[in-house]
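Letter by letter, the chains look like this.
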Amino acid sequence: MQTSSSTQTIEENELDPRSKLCIVFALSSVAVFVQKIWLLALILMLGMVLTYLLGENLHLFKRFGRIIWLFVGIAVIQSIFTPEGIPLIAIGKIRLLTVGGLEKGVCFLLRIMAIIVPASIMISTGTREIIQGLVQWKVPYEIAFMVSLAIRFLPLLSEEIKDTFIAIQLRGIELDKIPLGKRLRMYSYLFMPVLSGVILKARELSTAMETRAFRAFPRRTSYRVLKLQNQDYLVMGMSLCFVIVVLTINFYYKGGF
Amino acid sequence: MTYPLETRNLSFCYSQHSRLILDKINLRVELGQVLAIVGLSGSGKSTLCYCLSGIIPLVQQGEMWGQVLIKGSQTREMNLPTIATRVGIVFQNPETQIFFPTVEDELAFGPENLCIPQEEIGQRIEEGLRLVGMEAYRYMSPHHLSGGQKQLIALASVLTLKPEILIFDEAMSQIDKVGKQRIKEVILDLKKAGKSIIMVEHDLKNLDVADRILVLRQGRLEDFVGLF
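These numbers were taken from a predicted model, which means no experiment stands behind them. Sequence order as written defines the numbering, with residues in each chain counted from 1. Just so you know, chain letters begin at A and ligand numbers begin at 1, following the order they were written in. Note on the predicted model: pLDDT of at least 70 is required for a residue's local features to be given, and 80 or more for side-chain atom pairs to be given and counted; whole-chain, interface and lining totals, by contrast, use all residues. With hydrogens and water set aside, each side-chain value is computed from the structure's full complement of heavy atoms.

Chemist: Give me the lowdown on the overall build of chain B, citing residues and values where you can.
Modeler: Runs of E in the DSSP output that reach at least two residues are strands. Runs of H or I that reach at least four are helices, and both are numbered from the N terminus. Looking only at helices and strands, one finds 7 helices and 10 strands in chain B. Computed over its C-alpha atoms, the radius of gyration of chain B comes to 17 Å, within 12% of the 17 Å expected for a compact globule of 228 residues. In terms of overall dimensions, chain B has C-alpha extents of about 50 × 35 × 35 Å along its principal axes. Accessible area is worked out with a 1.4 Å probe on protein chains only. A residue is then buried under 20% of its type maximum, exposed over 50%, and partly exposed in between. The proportion of buried residues among the 228 residues of chain B is 58%. Method for areas: the Shrake-Rupley scheme with a 1.4 Å probe, in which residue coverage is limited to the protein chains shown. Entry remark: accessible area of chain B is about 9300 Å², with carbon and sulfur atoms responsible for 48%. Here the globule rule reads 2.2 Å times residues to the power 0.38, and the radius of gyration is calculated from C-alpha atoms.

This is how it looks when you write it as structure tokens:
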């Protein structure tokens, strides 16, 4: 048999996808519970450092660059509608911006970023490895494949949308030049053909899977097998410790820090 | 005599009140034969492929009468995974037949589903890639390949299940001249290896590898005499 060992097992110095999932889960889940700004900032920084150390270039963060302004906007609105603490900007008796509001807005922004940034860690991990990791964690393979198909489905959806928009522009409609109201109405007309196209493609995809004996048996073998190494146990242990320490700080030192 | 694939009075319509797509089709595919089925768009070629590969009635619903027999066993009494080991189907669109980030993963998918041991999966991957001449692409992403190469990978993925019958549902319609030529060469190699092949086509130029040509017209199969 001539098979490269690197394809069947993760390369020696590389972390197992399960370890990466543990890091992502640890950072994202504590970011949901933590209320303190400095702690959230610390989690975000840790997430950025780990993402960088694991060889990712914060692609996801860059990709979210456009919508990050949406989150900034929400943070500003949240700070305006939270009239707590010392007023910073006020018109008469109406407090537009307060210290408490500003804190809430910053908290929101940091939390969103602390959840998004660690997800970049998974970008370079192949979907097949993620599936295998989940399967070896005893997640039913149908569910693991569902996750993988959902990831596979996103490019299909974006392709379908792009094709539809190109088809419209080829018919001489310049989308940039029509008024917003008309444009929105046109988008509503496009919704059904895009949706039906995507459903058809999804159906073709699932039929192709079924014709290749998917779900033939309650279990399946795997050509690619993942093996946890010492570094993986260390990372998983550290992730667990991190969650415990951060949540302890957050719950027991409510008044301080 | 038992044929690798046979239909007896096969009729099909998508719902009770719609027209018959297939009307009393009697078809026999012999061992090592390349059978081509031609017809206009909407003539029911893909529906026939779905019936022959068990997708109808096991996955897609509709009204089906008559019998589809794979080596004498009726498809409606079998399950799709069992059929998958006997009949392999390559669809028109290579994009919707490829799900994994590497060619190797793609080829491993079928045998993994059949609980084949790891070592044998490796052998089947090698064999599948050798048959389609794509050994050099084993660790590459199939999404970066040309349409013809993707179709060859889809075919290799089907071949890892070791089916005795192969159905090509307009598999050459979305690929370039070079890709078509490569697929035709593979079809001839598979024929030499004793596989029975059904090619469904609307392009007459692709039929030079066929031993026998039938035309599907108004739901009925007839001998092809040069006209749809």
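Having seen it, we continue.
Chemist: Provide a residue-level description of unusual backbone geometry, including the pertinent values.
Modeler: Residues and elements named next belong to chain B. With an omega of 10°, the peptide bond between Ile56 and Pro57 qualifies as cis. Mapped onto the elements of the fold, Pro57 is located in helix H2 (residues 55-58). Backbone geometry at Gln218 places phi at a positive 50°, although glycine is not the residue there. Within the secondary structure, Gln218 is located in the loop between strand S9 (212-217) and strand S10 (220-223). For Gln218, a relative accessible area of 71% puts it in the exposed group.

Chemist: Lay out the packing of helix H4 (residues 103-113) of chain B against helix H5 (residues 118-132) of chain B with the relevant residues and their values.
Modeler: Residue and element names in this part refer to chain B. All axes here are fitted lines through C-alpha atoms, helices being fitted over the stretch that makes contact, and every angle between N-to-C directions spans 0 to 180 degrees. Orientation of H4 relative to H5, taken along the N-to-C sense of each, is 120°, at an axis distance of 9 Å. Accordingly, the angle class assigned to the pair H4 and H5 is oblique. As for how H4 packs across H5, the hand of that crossing is right-handed. Contacts between H4 and H5 involve Val103, Glu104, Leu107, Ala108, Pro111 and Glu112 from the former and Ile121, Arg124, Ile125, Gly128 and Leu129 from the latter. Roughly parallel refers to an angle under 35 degrees, roughly antiparallel to one over 145, roughly perpendicular to one between 65 and 115, and oblique to any angle outside these ranges. Definitions for this section: a left-handed crossing has its near helix turned counterclockwise from the far helix by less than a right angle. A right-handed crossing has that turn clockwise. Here a residue-residue contact requires only that any non-hydrogen atoms of the pair lie within 4.5 Å.

Chemist: Help me get a handle on the sheet that holds strand S5 (residues 73-74) of chain B, residues and values and all.
Modeler: Remark on secondary structure: sheet strands pair via backbone hydrogen bonds, oriented parallel or antiparallel. All names here are of chain B. If DSSP finds at least two bridges between two strands, the strands pair. The strand order across the open sheet built from 4 strands is S2-S1-S4-S5, with neighbouring strands paired in antiparallel fashion. Each having just a single partner strand, strand S2 (22-29) and S5 make up the two edges of the open sheet. Both strand S1 (residues 5-13) and strand S4 (residues 63-70) contribute to a ladder of 7 bridges, which runs antiparallel. Bridge assignment links Glu6 to a residue of S4, and that residue is Leu69.

Chemist: Hey, could you go over the sheet that holds strand S7 (residues 165-169) of chain B for me, with residue numbers and the actual values?
Modeler: All names here are of chain B. Strand order in this open sheet of 6 strands is S6-S7-S8-S3-S9-S10, and the pairing throughout is mixed. Where the open sheet ends on each side, the last strands, each with one partner, are strand S6 (87-90) and S10. Direction aside, neighbouring strands of the sheet carry axes that sit 20° apart on average. Relative to S9, strand S3 (residues 34-38) is paired through 4 bridges, and the arrangement is parallel. Bridge pairing in S9 links Leu35 to Arg212. Its contacts with the sheet place helix H6 (residues 147-159) against S6 and S7, and it is angled at close to 170° to S6.

Chemist: Describe the interface of chain A and chain B, and please don't skip the residues or the numbers.
Modeler: Contact residues are listed per partner, giving 34 residues for chain A and 40 residues for chain B. Taking both partners together, chain A and chain B bury about 3300 Å²; carbon and sulfur atoms supply 59% of that area. Should a side-chain nitrogen of Lys or Arg be within 4 Å of a carboxyl oxygen of Asp or Glu, the pair is scored as a salt bridge. Where chain A touches chain B, the interface holds 4 salt bridges. Where Glu112 of chain B meets Arg220 of chain A, a salt bridge forms, and the shortest distance between an N and an O atom there is 3.0 Å. We define a polar contact as two N or O atoms separated by no more than 3.5 Å, with the added condition that, inside protein, one atom must be a possible hydrogen donor and the other a possible acceptor, whereas residues neighbouring each other in sequence contribute only through side-chain atom pairs. Summed over the shared surface of chain A and chain B, the result is 14 residue pairs in polar contact (both at pLDDT 80 or more). Sorting the residues of the side of chain A that touches chain B by element identifies helix H1 (5-8), helix H7 (127-136), helix H8 (141-170) and helix H9 (180-210) of chain A as the ones contributing at least two each. Per-element accounting of the side of chain A that touches chain B gives the leading share, 8 residues, to H9 of chain A. For this scheme, ten residues count as nonpolar: Ala, Val, Leu, Ile, Met, Phe, Trp, Tyr, Cys and Pro. Four count as charged, namely Asp, Glu, Lys and Arg, and the remainder, Gly too, count as polar. Of the residues assigned to the side of chain A that touches chain B, the class counts are 12 nonpolar, 11 polar and 11 charged. Note: buried area is the sum, over both parts, of the accessible area (probe 1.4 Å) each one loses when the two are combined.

Chemist: Can you explain the pairing of S9 of chain B? Please cite residues and give values.
Modeler: Residues and elements named next belong to chain B. Taken together, the 4 bridges between S9 and S10 define a ladder with antiparallel strand orientation. Within the sheet, the bridge partner assigned to Arg217 lies in S10 and is Arg220. As consecutive antiparallel partners, S9 and S10 are separated by 2 residues, and within that stretch Gln218 has a phi angle of approximately 50°, a positive value.

Chemist: Let's hear about the packing of aromatic side chains: which residues, and what values?
Modeler: Working definition: an aromatic ring pair is given by the centre-to-centre distance plus the angle between the planes. The pairing test for Phe, Tyr and Trp rings, Trp by its six-membered ring, is centres within 6.5 Å, and the orientation test on the planes gives stacked under 30 degrees, edge-to-face over 60, and tilted for anything in between. Within the structure shown, the criterion is met by 12 aromatic pairs over all chains. With a centroid separation of 5.7 Å and an interplanar angle of 80°, the aromatic rings of Tyr141 of chain A and Phe214 of chain A are classed as edge-to-face. Pair noted here: Tyr141 of chain A is in helix H8 and Phe214 of chain A is in the loop between H9 and helix H10 (230-252), with a separation of 73 residues, a long-range link. With a centroid separation of 5.4 Å and an interplanar angle of 50°, the aromatic rings of Phe100 of chain B and Phe109 of chain B are classed as tilted. Phe109 of chain B sits in the buried class, given a relative accessible area of 0%. Either the NZ atom of lysine or the CZ atom of arginine qualifies as a charge over a ring when it sits within 6 Å of the ring centre and within 35 degrees of the ring normal. In this structure, Arg220 of chain A is placed above the aromatic ring of Tyr141 of chain A, and the distance from its NZ or CZ to the ring centre is 5.7 Å.

Chemist: Quick rundown of the nonpolar core? Include the residues and the values.
Modeler: One finds Leu22, Leu27, Ile37 and Ile198 of chain B to be the most contacted residues of the largest nonpolar core, which totals 74 residues. No other element matches helix H6 (residues 99-119) of chain A, which puts 8 residues into this core. Once residues lying within four places of it in the same chain are set aside, the contact partners of Leu27 of chain B are Leu5, Glu6, Thr7, Leu35, Ile37, Leu52, Leu214 and Leu221 of chain B. Counting 41 residues, the second-largest nonpolar core is a separate cluster that includes Tyr223 of chain A together with Val38, Leu114 and Val158 of chain B. Within this scheme, the nonpolar core is defined by two criteria: the residues are buried Ala, Val, Leu, Ile, Met, Phe, Trp, Tyr or Cys, and they are joined through side-chain atoms within 4.5 Å.

Chemist: Outline the packing of helix H3 (residues 37-53) of chain A against H6 of chain A, supporting the account with residue identities and numerical values.
Modeler: Residue and element names in this part refer to chain A. In the contact formed by H3 and H6, the axes pass within 9 Å of each other and the chain directions differ by 25°. Classed by the angle they form, the pair H3 and H6 counts as roughly parallel. Relative to H6, the crossing made by H3 is left-handed. In this structure, H3 uses Ile37, Leu40, Ala41, Ile43, Leu44, Gly47, Met48 and Thr51 to contact H6, whose residues at the interface are Glu103, Val106, Cys107, Leu110, Arg111, Met113, Ala114, Val117 and Pro118.

Chemist: A description of H4 of chain B should follow, citing residues and the corresponding values.
Modeler: Residues and elements named next belong to chain B. Burial within H4 is extensive, with 11 of its 11 residues counted as buried. Listed in full, the buried residues belonging to H4 are Val103, Glu104, Asp105, Glu106, Leu107, Ala108, Phe109, Gly110, Pro111, Glu112 and Asn113. Positive phi shows up at Cys115, right after H4, with a value of about 60°.

Keep in mind that these numbers describe shape and distance, not what the molecule does.
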